[in-house]
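Listed below are the residues making up each chain.
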Amino acid sequence: MAATSDQGFAVPVVPLSYGKPMPRVGLGTASFPHCDDGDQPHVREAVLRAIDAGYRHFDTAAVYGTERAIGDAAAEAVRAGTLASRDELYITSKLWIADAHPGRVLPALRKTLRNLQMEYVDLYLVHFPVSMKPQEGGAGAILVKEDLVAMDMKGVWEEMEECHRQGLAKAIGVSNFACKKLEYLLSFAQIIPAVNQVEVHPYCRQNKLRAFCREKGIQLCAYSPLGGKGAPWANNSVMESPIIKQIAQDIGKTVAQVCIRWVYEQGDCVIPKSFNDKRMRENLDIFDWELTDDARHKISSLPEFRGTYDFFVHDSGPYKTAEEFWDDEIAAGHPAN
């Protein structure tokens, strides 16, 4: 399953421990504020343009509000003959923390599939290693810090495994899990996570976590490879970095291309988010060139800090500090945060 872009090259894929091979570059669809009904046509058109450009891997989540638009775009692309079938796509979605409770996982995935108008997702992830008390009637604020509770990880993961057994998720995995939490999950998992999706970019390199995941047969997938501009956790150091700007100038590439290529060279999958047609195509143009050893060395020497830092930290919650939440791995937030 190699998708050929309209620029004439195929997007490489990586085999996972089970399920369908994952395209190494996908399109992120998280927007902030999250999408509502009025945003659906805009997202649908962006996904259709991305399919035309050669993207086959699309990343969404229950909380993003983009599942329905992705499903609409996929159905339209099949009707138009751009895609032979939905099977040509790789669709990832995620379980939100309010549904991360035993008894709520399968219903949450079934709702996601109704939104997508699909029979299965290629990958279903536990969005964060924490739960939140369900809101009355299933509505209400996306995140209420006072309602954060410890996740019954064993109970939740057993239901994730059932999603896979029923064929509703071809692969299952996690997101935002550091090494200790992954190690705990692996102590009881009958089906290991195929993927761990985390923040990765030149200022948040994740070397320790990547080595751990590689040893356990878990594929790392990078979100916010450009620092998450426009997101609540935006780390503008990435796109504004004088060092990365100089690297890009020296080799005639964009700063975004340097960042995405760097993540790609680490062996990770990577999901940049842009709905701009030109940048969407530029972000795929990273396969037929390499960074220099000097550029790699400069990036490896940059300071590290997270953008996704302390959103799930609260005095009344299961994690009182960012260090606890991230298992002391790159626990620092941006100095300006």
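Since we're looking at a predicted model, the values are computed, not measured.

Draft legend 1. Region of the structure containing the packing of helix α7 (residues 242-251) against helix α8 (residues 255-265). Packing of α7 against α8 brings their axes to within 8 Å, and their N-to-C directions diverge by 100°. In this view, α7 runs roughly perpendicular relative to α8, as classed from their interaxial angle. Contact residues: α7 offers Ile-244, Lys-245, Ile-247, Ala-248 and Ile-251, while α8 offers Val-255, Val-258 and Cys-259. For the contact of α7 with α8, the per-class residue count stands at seven nonpolar, no polar and one charged.

Draft legend 2. Here's a closer look at the side chain of His-201. If you trace the backbone, His-201 turns up in the loop between β12 (195-199) and α6 (207-216). Reaching out from His-201, the side chain makes a polar contact with the side chain of Glu-199 at a distance of 2.8 Å.

Draft legend 3. Region of interest: the packing of aromatic side chains. Tallying each qualifying case throughout the model produces nine aromatic pairs. On the basis of an interplanar angle of 40° and a centroid distance of 4.2 Å, the ring pair of Phe-128 and Phe-312 is categorised as tilted. Within this pair, whereas Phe-128 is found in the loop between β8 (123-126) and β9 (131-132), its partner Phe-312 is found in the loop between α10 (293-300) and α11 (322-325), the two being separated by 184 residues in sequence. Ring plane angle 15° and centroid distance 5.8 Å describe the contact between Phe-312 and Phe-325, whose orientation is recorded as stacked. One end of the pair, Phe-312, is in the loop between α10 and α11; the other, Phe-325, is in helix α11, with 13 residues separating them in the sequence. Both residues of the pair, Phe-312 and Phe-325, count as buried.

Draft legend 4. Up close: the UniProt feature "site: Lowers pKa of active site Tyr" (unreviewed entry) in the protein chain. Listed under "site: Lowers pKa of active site Tyr" (unreviewed entry) in the UniProt record, and renumbered for this structure, are Lys-94. As for its placement among the helices and strands, Lys-94 is situated in strand β7 (residues 90-95). Taking the relative accessible area as the measure of exposure, Lys-94 reaches 0% and is therefore buried. Within the structure, Lys-94 has its side chain in polar contact with the backbone oxygen of Thr-60 (distance 2.8 Å).

Draft legend 5. Here's a closer look at the pairing of strand β13 (residues 219-223). In terms of residue burial, β13 counts as a mostly covered element, since five of its five residues are buried. Across the two faces of β13 the burial is the same, with Gln-219, Cys-221 and Tyr-223 and Leu-220 and Ala-222 all buried. At this point the chain moves from β12, through α6, to the parallel β13, and the crossover so formed is right-handed. Across two bridges, β13 lies against strand β14 (residues 269-270) in parallel orientation. Directly across from Cys-221, in β14, lies its bridge partner Cys-269.

Draft legend 6. Geometry of the side chain of Lys-20. Tracing the chain through its elements places Lys-20 in the loop between β3 (13-14) and β4 (22-23). We classify Lys-20 as buried; its relative accessible area is 18%. A polar side-chain atom of Lys-20 sits 2.9 Å from a polar atom in the side chain of Asp-122.

Draft legend 7. Examining the sheet that holds strand β5 (residues 27-28) more closely. The strand order across the open sheet built from eight strands is β5-β6-β7-β8-β11-β12-β13-β14, with neighbouring strands paired in parallel fashion. Where the open sheet ends on each side, the last strands, each with one partner, are β5 and β14. Of the strand pairs in this sheet, strand β6 (residues 57-59) and β7 are connected by three bridges, and their pairing is parallel. Its bridge partner lying in β7, Phe-58 is registered against Ile-91.

Draft legend 8. Representation of the environment of Ile-70 within the structure. Mapped onto the fold, Ile-70 is located in helix α2 (residues 67-80). Once you skip the residues sitting within four places of it in the chain, Ile-70 turns out to touch Thr-29, Val-47, Phe-58, Thr-60, Ile-91 and Leu-116.

Draft legend 9. Region of the structure containing the packing of helix α1 (residues 40-53) against α2. Here α1 crosses α2 at 45°, and the two axes come no closer than 8 Å. Here α2 runs oblique to α1, going by the angle between their axes. Crossing angle aside, the handedness with which α1 passes α2 is right-handed. Residues Gln-40, Val-43, Arg-44, Val-47, Leu-48 and Ile-51 of α1 form the contact with α2, whose participating residues are Arg-68, Ala-69, Ile-70, Asp-72, Ala-73, Glu-76 and Ala-77. When the residues that make up the contact of α1 with α2 are grouped by side-chain class, the tally is eight nonpolar, one polar and four charged.

Each value, and the rule that gives it
Residues numbered from 1 in each chain as written. Predicted model: local features only at pLDDT ≥ 70, side-chain atom pairs only at ≥ 80, totals over all residues. Heavy atoms only, no water. Axes fitted to C-alpha atoms, helices over the stretch in contact; angles between N-to-C directions. Helix = DSSP H or I, 4+ residues; strand = E, 2+ residues; numbered from the N terminus. Parallel < 35°, antiparallel > 145°, perpendicular 65-115°, else oblique. Contact = heavy atoms within 4.5 Å. Nonpolar A, V, L, I, M, F, W, Y, C, P; charged D, E, K, R; others polar. Polar contact = N/O pair within 3.5 Å; in protein donor to acceptor, adjacent residues only side chain to side chain. Phe/Tyr/Trp six-rings, centres within 6.5 Å; stacked < 30°, edge-to-face > 60°. Buried < 20%, exposed > 50% of the residue type's maximum accessible area, 1.4 Å probe, protein only. UniProt positions renumbered as here; feature names shortened; annotations may be inferred. Right-handed = clockwise from strand over helix to strand, strands pointing away. Pairing = 2+ DSSP bridges. Left-handed = near helix turned anticlockwise from the far one by under 90°.

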